[in-house]
Amino acid sequence: MLNFSLIGAGRIGYMHAKIIKAHPKSNLKYVYDVNSKLANDVVKLTGCAKAKSPEQAINSKDIDAVLIASATPTHTKFITTAAKAGKAIFCEKPIDLNIKKVNQCENNIKNYKVPIQIGFNRRFDLSHAKVQKACLNKEIGDLEMVVITSRDPQPPSIDYLKAAGGFFRDATIHDFDLTRFILGNDPVVQISAFGEALFDKNAKKIKDQDTGMFILKSKKGVLIHINNSRRAVYGYDQRVEIFGSKGMVISNNQVPNSVEKFTNKSTNIKDPIHFFFMERYEKAYKDQFNEFVKCVLKKTNPKVTFDDGKKALIIANAAYKSLKSGKVVNIKF
Ligand SMILES: NC(=O)c1ccc[n+]([C@@H]2O[C@H](COP(=O)([O-])OP(=O)(O)OC[C@H]3O[C@@H](n4cnc5c(N)ncnc54)[C@H](O)[C@@H]3O)[C@@H](O)[C@H]2O)c1
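Conventions adopted
- Residues numbered from 1 in each chain as written.
- Predicted model: local features only at pLDDT ≥ 70, side-chain atom pairs only at ≥ 80, totals over all residues.
- Heavy atoms only, no water.
- Pairing = 2+ DSSP bridges.
- Helix = DSSP H or I, 4+ residues; strand = E, 2+ residues; numbered from the N terminus.
- Contact = heavy atoms within 4.5 Å.
- Axes fitted to C-alpha atoms, helices over the stretch in contact; angles between N-to-C directions.
- Buried < 20%, exposed > 50% of the residue type's maximum accessible area, 1.4 Å probe, protein only.
- Expected span 1.5 Å × (residues − 1).
- Bend = angle between axes of the 7 residues up to and from the residue.
- Patch = residues over 30% accessible without salt bridge, like charges linked within 9 Å, V, L, I, M, F, W, Y side chains within 5 Å.
- Areas by Shrake-Rupley, 256 points an atom, 1.4 Å probe, with all protein chains shown as cover.
- Salt bridge = Lys/Arg side-chain N within 4 Å of Asp/Glu carboxyl O.
- Parallel < 35°, antiparallel > 145°, perpendicular 65-115°, else oblique.
- Left-handed = near helix turned anticlockwise from the far one by under 90°.
- Near = heavy atom within 4 Å.
- Polar contact = N/O pair within 3.5 Å; in protein donor to acceptor, adjacent residues only side chain to side chain.
- Nonpolar A, V, L, I, M, F, W, Y, C, P; charged D, E, K, R; others polar.

Q: Describe the sheet that holds strand β9 (residues 211-218), listing the residues and the values that go with them.
A: On the basis of which strands lie adjacent, the open sheet formed by 7 strands has the order β12-β11-β7-β10-β9-β8-β15 and mixed pairing. Every other strand in the sheet has two partners, leaving β12 (247-251) and β15 (329-330) as the edge strands with one partner each. Sheet topology places strand β7 (residues 143-151) next to strand β10 (residues 223-229); 7 bridges connect them, and they run parallel. Residue pairing for β10: V146 is matched across the bridge by I224. Contacts from helix α8 (residues 167-183) reach β7, β8 (188-196), β9, β10 and β11 (237-244) within the one sheet, and its direction differs from that of β10 by about 150 degrees.

Q: Break down unusual backbone geometry for me, citing the residues and quoting the values.
A: Residue P94 follows K93 across a cis peptide bond; omega there is -20 degrees. Along the chain, P94 falls in the loop between β5 (88-91) and α5 (99-109). Backbone geometry places K207, a non-glycine residue, at a positive phi of 60 degrees. Relative to the assigned elements, K207 resides in the loop between α9 (201-205) and β9. Looking at K207, the relative accessible area reads 73%, which means it is exposed.

Q: Just give me the short version of α8, but keep the residues and values in it.
A: Taking 1.5 Å per residue, 17 residues should reach 24 Å; α8 reaches 23 Å between its end C-alpha atoms and fits that length. Along its length, α8 shows its largest kink, about 50 degrees, at I173. α8 sits mainly inside the fold: 17 of its 17 residues count as buried. Backbone geometry just after α8 places G184 at a positive phi near 60 degrees.

Q: Outline a nonpolar patch on the surface, listing residues and values.
A: Together, M145, L223, F243, M248 and I250 line one region of the surface with nonpolar side chains, adding up to about 430 Å² of accessible area. Following the sequence through the fold, I250 ends up in strand β12.

Q: With reference to specific residues and values, describe the packing of helix α1 (residues 11-22) against helix α2 (residues 36-46).
A: Where α1 meets α2, the axes come as close as 10 Å, and the angle between the chain directions of the two elements is 20 degrees. In this view, α1 runs roughly parallel relative to α2, as classed from their interaxial angle. Both α1 and α2 take part in a crossing whose hand is right-handed. Facing Y14, A17, K18 and K21 of α1, the residues of α2 in contact are D41, V42, L45 and T46.

Q: Lay out the pattern of salt bridges in plain terms, naming residues and giving numbers.
A: Under the defined criterion, the tally for this structure stands at 21 salt bridges. The shortest N-O distance in the salt bridge between D175 and R122 comes to 2.8 Å. Taken together, the positions of D175 in helix α8 and R122 in the loop between β6 (116-118) and α6 (126-136) put the pair 53 residues apart, joining distant regions of the chain. Look at D175 and you get buried, because its relative accessible area is 0%. K270 is the partner of E260 in a salt bridge, and the nearest nitrogen-oxygen pair spans 4.0 Å. Of the two residues, E260 is situated in strand β13 (residues 260-261) and K270 in strand β14 (residues 269-270); the sequence distance between them amounts to 10 residues. Salt bridges sharing partners connect three or more residues here, namely K93, D152, D170 and R230.

Q: How would you sum up the site of the ligand? Please name residues and give values.
A: Around the ligand, a shell composed of 24 residues is seen, among which R11, I12, D33, T72 and Y285 lie nearest. Backbone polar atom of G10 to an oxygen atom of the ligand: 3.5 Å apart, as the coordinates give it. Measuring from an oxygen atom of the ligand, one finds a backbone N or O atom of A71 at 3.2 Å. Among the residues forming the shell around the ligand, the class breakdown is 11 nonpolar, 9 polar and 4 charged.

Q: Tell me about the sheet that holds β6, residues and numbers included.
A: Judged by pairing direction, the sheet is parallel, and its 6 strands sit side by side in the order β3-β2-β1-β4-β5-β6 without closing on themselves. A strand with exactly one partner marks an edge of an open sheet, and here the two such strands are β3 (49-50) and β6. Pairing geometry for strand β1 (residues 2-7) and strand β2 (residues 26-32), over 6 bridges, is parallel. Among the inter-strand pairings, F4 is bridged to a residue of β2, identified as L28. Contacting β1, β4 (65-68), β5 and β6, helix α4 (residues 75-84) crosses the sheet at an angle of about 165 degrees to β5.

Structure, rendered in structure tokens:
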């Protein structure tokens, strides 16, 4: 059994609390959030205790692991405290928005050998993982192209945008990680990025983007296209395609049911695809947590590491450099 403290009880923190509660080998002992009301909601849901401080939640002798789901700028501080306390760490993406803070954190924790897993949940989606396996097993021969479409149903609030640190570091970072997951040991070496605020006034106001398009190239010459939007009127659009010398594999959008309607006006009308990430990746969030619990209990290495979190941020930073300069940028890890 793994005893947890949860730091951050907002949107994703509450979801993690539910997952910890439901897992047969984990137990939520403490929750801490600067917003006391949100911490109370988790107490109500799970019956855990409300910690008076993050230090109390993290350093408690009766916990084995810390799940960090607080606001992004707090992650490195809590990772460091948890590593020093010898606790296993699951931390939501991104590690931070500032690569200097990430490097400093890496340096601060290098002597503490605790397992750390970063919350790149899309790697645990069964369909995306099948695409990666197909690539690894050469089911499509030699890989030539990767195409990732990732579009949110609707833009977030201006407060969210201000805290998120920019579209590429907040949203596209998932796709940069998915690209690295699919390419395996063939690193991306170049990126060309475009971004615009086409429809969201809030994004425009704070000089952020709501639409992005990226071309990357790997060391072996594989070409990768990623396209992102903060608005897709038909739901959460999540598609991954790999193309190679012997064919193509697609992880397509999923619908909540398999009903199709046929009338004299139309054929093959399906219900809308999933609304957003909580629905689309419900199983992936559970599977990534299960993997973390397994790793800690069996003392094996987590599949999504601190280094993966750092490399995704390095790609996002290169994307911003390309956007600003209008040039292709070399990626150096
Ligand atoms: N993997 C995914 O799919 C995914 C999805 C959404 C969010 N996230 C990540 O999860 C994190 C939280 O995002 P969210 O959408 O739940 O945001 P949120 O604003 O709903 O929740 C963040 C919570 O952190 C709390 N908080 C802020 N400072 C704190 C501190 N010093 N100590 C303790 N708690 C503190 C806030 O009060 C808030 O309740 C972000 O890093 C985000 O990037 C990941």
